[in-house]
Amino acid sequence: MRNYFIAVFLILFSGVSANAQADTTKWLRAFPITDYMVSLNDSVKVVQLEMPEQVQLKEKQLGLLYGKYKTSINDAVEKGYGRCHLIKSNYYYFSIGKNKSGLPFEKGDLLYVNMPPTSIYYGRIPRLAGHFIKLLNVYEDPLYDRYLIFDKWTISDENKLTDSLVADIRFTGDYFLQNNPAMNVTIATGDFAGRKVLEVMSHCTRKDVEDFLDYILARPRLYAGGEWKVAEIFATWANSGAPKVIK
């Protein structure tokens with residue numbers, strides 16, 4: 001069993017090809033646990049998933065539990081693993097042991113499972129949703145549904161949303177250039193070194209957004225399970241040197 005979870009761990013932290021179509025392998029997906037937790041003994045706890053009807057798991061399904069980033073990357077560590085031992089309607093109960101992190105389970109921790117692929121276009125956005133990452137526009141409107149995206153998503157949907165991300169980042173950069181120019185700090189390192197962050201945002205390109213999304217997918221622990229305004233985290237990424245995935 002441990003070998004299985006080592007494999008999952010490697011998938012979790014490896015860079016992924018954002019242009020890949022759906023294939024025959026399992027897809028890694030994360031779901032937040034509820035506040036229902038029951039101790040079976042000193043080392044094993046039962047946790048619960050509440051799932052929409054269209055998402056179904058199997059009894060004996062393996063799951064790997066991770067903390068969610070709050071204030072430090074040390075929050076987002078492995079908290080154990082186990083199997084689904086009970087299904088009641090749309091509630092799934094996993095017995096999780098081997099928690100060596102020293103951290104308690106919390107509502108919102110992410111349970112990772114391997115799921116059968118669907119017929120959607122498996123681009124960058126579904127992969128983000130696989131880590132239960134929700135991107136928001138500047139008005140805090142969600143840009144996709146983290147569950148429903150696995151039922152219907154095409155390359156056209158992917159391209160339209162990517163263009164929307166570019167437009168949102170440009171709009172936000174332009175807005176703050178006009179209304180709060182003090183935020184327009186000079187970037188010290190990386191490909192944008194010497195340029196100013198709001199100007200980088202206002203001239204954002206599709207390639208910039210794709211590089212940014214690839215970075216999130218390569219470092220999902222910082223973002224997994226969260227809801228993020230895309231312009232804000234893009235600005236942070238750009239100002240931090242715009243680290244990129246080497247393919």
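All of the points below concern the structure found in this document. As the structure is a computational prediction, the values presented were derived from the model and not from experiment.

1. Topic: the overall build of the chain
Counting its regular elements, the chain contains six helices and nine strands. By its C-alpha atoms, the chain is 60 × 40 × 35 Å across when sized along the principal axes. Counting over 247 residues, the chain shows a buried share of 47%. In the chain, 68% of the contacts between residues at least 6 apart in sequence involve partners at least 24 apart. Here the chain has roughly 12,500 Å² of accessible surface; of this, 52% comes from carbon and sulfur atoms.

2. What about the pattern of salt bridges?
Counted under the stated rule, the structure contains ten salt bridges. Of the charged contacts, one joins Lys-134 and Glu-227 as a salt bridge, the two residues approaching to 3.7 Å between their closest N and O atoms. Of this pair, Lys-134 sits in strand E8 (residues 134-136) while Glu-227 sits in strand E9 (residues 227-229), placing them 93 residues apart in sequence. Arg-206 is the salt-bridge partner of Asp-163, the closest N and O atoms lying 2.7 Å from each other. Taken together, the residues span a long stretch of sequence, with Asp-163 in helix H3 (residues 155-179) and Arg-206 in helix H5 (residues 206-218) at a distance of 43 residues. For Asp-163, a relative accessible area of 42% corresponds to the partly exposed category. On the basis of relative accessible area, Arg-206 is assigned to the partly exposed category, the value being 28%. What you see here is one network of salt bridges that share partners, running through Lys-134, Arg-146 and Glu-227.

3. Some remarks on the pairing of strand E1 (residues 27-32)
A large share of E1 lies buried, amounting to five of its six residues. Alignment of E1 against strand E7 (residues 110-115), held across six bridges, turns out to be antiparallel. Paired with Leu-28 across the two strands is Asn-114, which belongs to E7.

4. What about helix H6 (residues 230-239)?
An α-helical segment advances 3.6 residues per turn. Residues three or four places apart therefore align on the same side. Of all ten residues that make up H6, seven are buried, and the element is covered over most of its length. Listing the buried residues of H6 in full gives Val-230, Ala-231, Ile-233, Phe-234, Ala-235, Trp-237 and Ala-238. Those residues of H6 that are buried lie in contact with E8, H3, helix H4 (197-202), H5 and E9. Positive backbone phi, approximately 100°, marks Gly-241, located one or two places after H6.

5. Section: the sheet that holds strand E4 (residues 62-66)
Strand order in this open sheet of seven strands is E1-E7-E4-E5-E6-E3-E2, and the pairing throughout is antiparallel. Looking at the sheet topology across the chains shown, the edges are occupied by E1 and strand E2 (37-39). With strand direction ignored, the average angle separating the axes of adjacent strands in the sheet is 35°.

Cut-offs and rules
- Residues numbered from 1 in each chain as written.
- Predicted model: local features only at pLDDT ≥ 70, side-chain atom pairs only at ≥ 80, totals over all residues.
- Heavy atoms only, no water.
- Helix = DSSP H or I, 4+ residues; strand = E, 2+ residues; numbered from the N terminus.
- Buried < 20%, exposed > 50% of the residue type's maximum accessible area, 1.4 Å probe, protein only.
- Contact = heavy atoms within 4.5 Å.
- Areas by Shrake-Rupley, 256 points an atom, 1.4 Å probe, with all protein chains shown as cover.
- Salt bridge = Lys/Arg side-chain N within 4 Å of Asp/Glu carboxyl O.
- Pairing = 2+ DSSP bridges.
- Axes fitted to C-alpha atoms, helices over the stretch in contact; angles between N-to-C directions.

Function cannot be read off these values alone, since they describe shape.
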